[in-house]
Amino acid sequence: MKEFFNGIGKIQYEGKESKNDLAFKYYNPDEIVNGKPMCENLRFALSWWHTMGGDGTDMFGAGTTDKKWGEADCMEIAKAKVDAAFEIMDKLSIDYFCFHDRDIAPEADTLEETNKRLDIISDYIKEKMGNKKLLWGTANCFNNPRYMHGAGTAPSADVFAFAAAQIKKAIEITVKLGGKGYVFWGGREGYETLLNTDMKLEQDNMARLMRMAVDYARSIGFDGDFYIEPKPKEPTKHQYDFDTATVLGFLRKYGLDKDFKMNIEANHATLAQHTFQHELRVARDNGAFGSIDANQGDPLLGWDTDQFPTNIYDATFCMYEVIKAGGFTNGGLNFDSKARRGSFTLEDIFHSYIAGMDTFALGYKAACKIIEDGRIDAFVAERYSSWNSGIGADIINGKADLATLEKYALEKGDVVDSLQSGRQEKLEAIVNNVLFTL
Ligand code: XUL
Ligand code: CO
């Protein structure tokens, strides 16, 4: 078997004192934290599109990294890609992977031939998987020109039908490979101008497609989770899956809320002018937390840079939400991230993943320690303690109405004296204190 990354061995955990760039400083897959090995708490996944396909091409220039993997025809290249992907996963101790249909097998001239290619490559993946698992699969319904006006929200019924056929096949492959998740990300499901758009019909149709997908997947034995991955814009000016709150409204309107959870992506949250933690909190509070696309944007750029996550605070607050949501069930941390265009060598793949995995290992430990320390949670509980008894409990239990509250307020007089400081700076200092005594 050809080795693609000569000179790079299995990445070992060497601890925080290590100066070996090709070693984990914080991520120790077998270390028990919070009652489980770190690998089970974090469930890291490789993204096929960025890692195996992304060659650094951007709007202003050609690729900078050779990601061809093979020399012969396109199917030999697709197989070589599989070999290289599993070598990366083995060497980095990554247990899961995610893909779009078109990442694993290139589109042919006809749908029939494209599907044959998918059969061949998914058989090959199945053979090679060993102990690796598919976190989720999805269909790329945004790249081909036929989807220029959308797929499930296309004005053309023929395009909708084609997308449905593509999604059917992507679900079949996901099930065949034992995937526990299936993602809808609506890259072109939105509009550029309302002058040419029947927004209601488009959204009704998207819901129809999702219902068909759920019904079909369940009928062939898919017992995993469906996810919607919110993103407000890019490539489309306005995308219907704007953010988690918007998606929840959509799911409830169409009776899909029992079938879908969220796949929250950090850089999509920031594009929606939210924090990553905000999106996770909205999902958690609504029982809709599912999975994570881990990455980060650049605060000075307004687009989806998909950088590998290195911000410890963001990772900490993310993992705090994940722990409070009860941890991952079918979901995990998929690195929907790419090395910078200037980080063009194959070795940079390893540096990038090591940086991201170490960041989340640290973030996980920090989140556990914040919870164990208890000061933050205790402060929040105390801040809302007026709801536990007296008038607060009466309001919550439905025993109060406007008339009883008016009577209460008239008797009580002004309540400004009952206010307490929000202590934001104190709490931020507690977080720093916990982080830097890890
Ligand atoms: C695009 C994006 C996608 C989805 C899967 O911004 O995040 O790669 O994760 O289609
Ligand atoms: Co994503």
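Preceding this section is the structure that the text describes.
Scoring rules and cut-offs
- Residues numbered from 1 in each chain as written.
- Chains lettered and ligands numbered in written order.
- Predicted model: local features only at pLDDT ≥ 70, side-chain atom pairs only at ≥ 80, totals over all residues.
- Heavy atoms only, no water.
- Near = heavy atom within 4 Å.
- Polar contact = N/O pair within 3.5 Å; in protein donor to acceptor, adjacent residues only side chain to side chain.
- Areas by Shrake-Rupley, 256 points an atom, 1.4 Å probe, with all protein chains shown as cover.
- 1 Å grid on protein atoms, 1.4 Å probe; cavity = no way out; pocket = protein on both sides within 12 Å on 5 of 7 lines; lining within 4 Å.
- Points joined across faces, edges and corners; volume = space filled by probe spheres on them.
- Helix = DSSP H or I, 4+ residues; strand = E, 2+ residues; numbered from the N terminus.
- Buried < 20%, exposed > 50% of the residue type's maximum accessible area, 1.4 Å probe, protein only.
- Contact = heavy atoms within 4.5 Å.
- Pairing = 2+ DSSP bridges.
- Axes fitted to C-alpha atoms, helices over the stretch in contact; angles between N-to-C directions.

(A) Spatial organisation of the site of ligand 1. Contacts to ligand 1 come from Trp49, His100, Trp136, Trp185, Glu229, Lys231, Glu265, His268, Asp293, Asp304 and Asp336. Contact distances for ligand 1 include 2.7 Å between an oxygen atom and a side-chain N or O atom of His100. Contact between ligand 1 and Asp293: an oxygen atom at 2.9 Å from a side-chain N or O atom of the residue. Relative to its free-state accessible area of 290 Å², ligand 1 is covered by the protein chains to the extent of 93%.

(B) Structural detail: empty space enclosed by the protein. Applying the stated criterion across every chain yields a total of 1 cavity of 30 Å³ or more. One number sums up the size of the largest cavity: a volume of about 170 Å³. Lining the largest cavity are 20 residues, with Phe184, Trp185, Gly186, Glu189 and Met206 positioned closest to its centre. The set of elements that each furnish at least two residues to the lining of the largest cavity consists of strand 8 (181-184) and helix 7 (199-219).

(C) A look at the side chain of Ser337. Here Ser337 is to be found in the loop between strand 14 (333-335) and helix 12 (347-373). Take Ser337: its relative accessible area is 1%, and that puts it in the buried class. Of note is the side chain of Ser337, whose polar atom sits 2.7 Å from the backbone oxygen of Ala294. When residues no more than four places from it in sequence are discounted, the contact partners of Ser337 are Ser47, His50, Ala294, Asn295, Asp306, Gln307, Phe308 and Pro309.

(D) Spatial organisation of the pairing of strand 5 (residues 44-47). Of the two faces of strand 5, the one holding Phe44 and Leu46 and the one holding Ala45 and Ser47 are both buried throughout. Direction of pairing for strand 5 relative to strand 6 (residues 96-100): parallel, over a ladder of 3 bridges. Looking at the pairing, Ala45 lines up with Tyr96 of strand 6.

(E) Layout of the sheet that holds strand 6. As summarised here, the arrangement of the 8 strands in space is 5-6-7-8-10-12-13-14, forming a closed barrel in which the pairing is parallel. Sheet twist, expressed as the mean angle between neighbouring strand axes with direction ignored, is 30°. Bridging between strand 8 and strand 10 (residues 225-228) involves 4 bridges; their strand directions are parallel. Each bridged residue has a counterpart across the sheet, and for Tyr182 the counterpart in strand 10 is Phe226. The strands that helix 6 (residues 157-176) touches are strand 6, strand 7 (133-138) and strand 8; relative to strand 8, the one it contacts most, it runs at about 155°.

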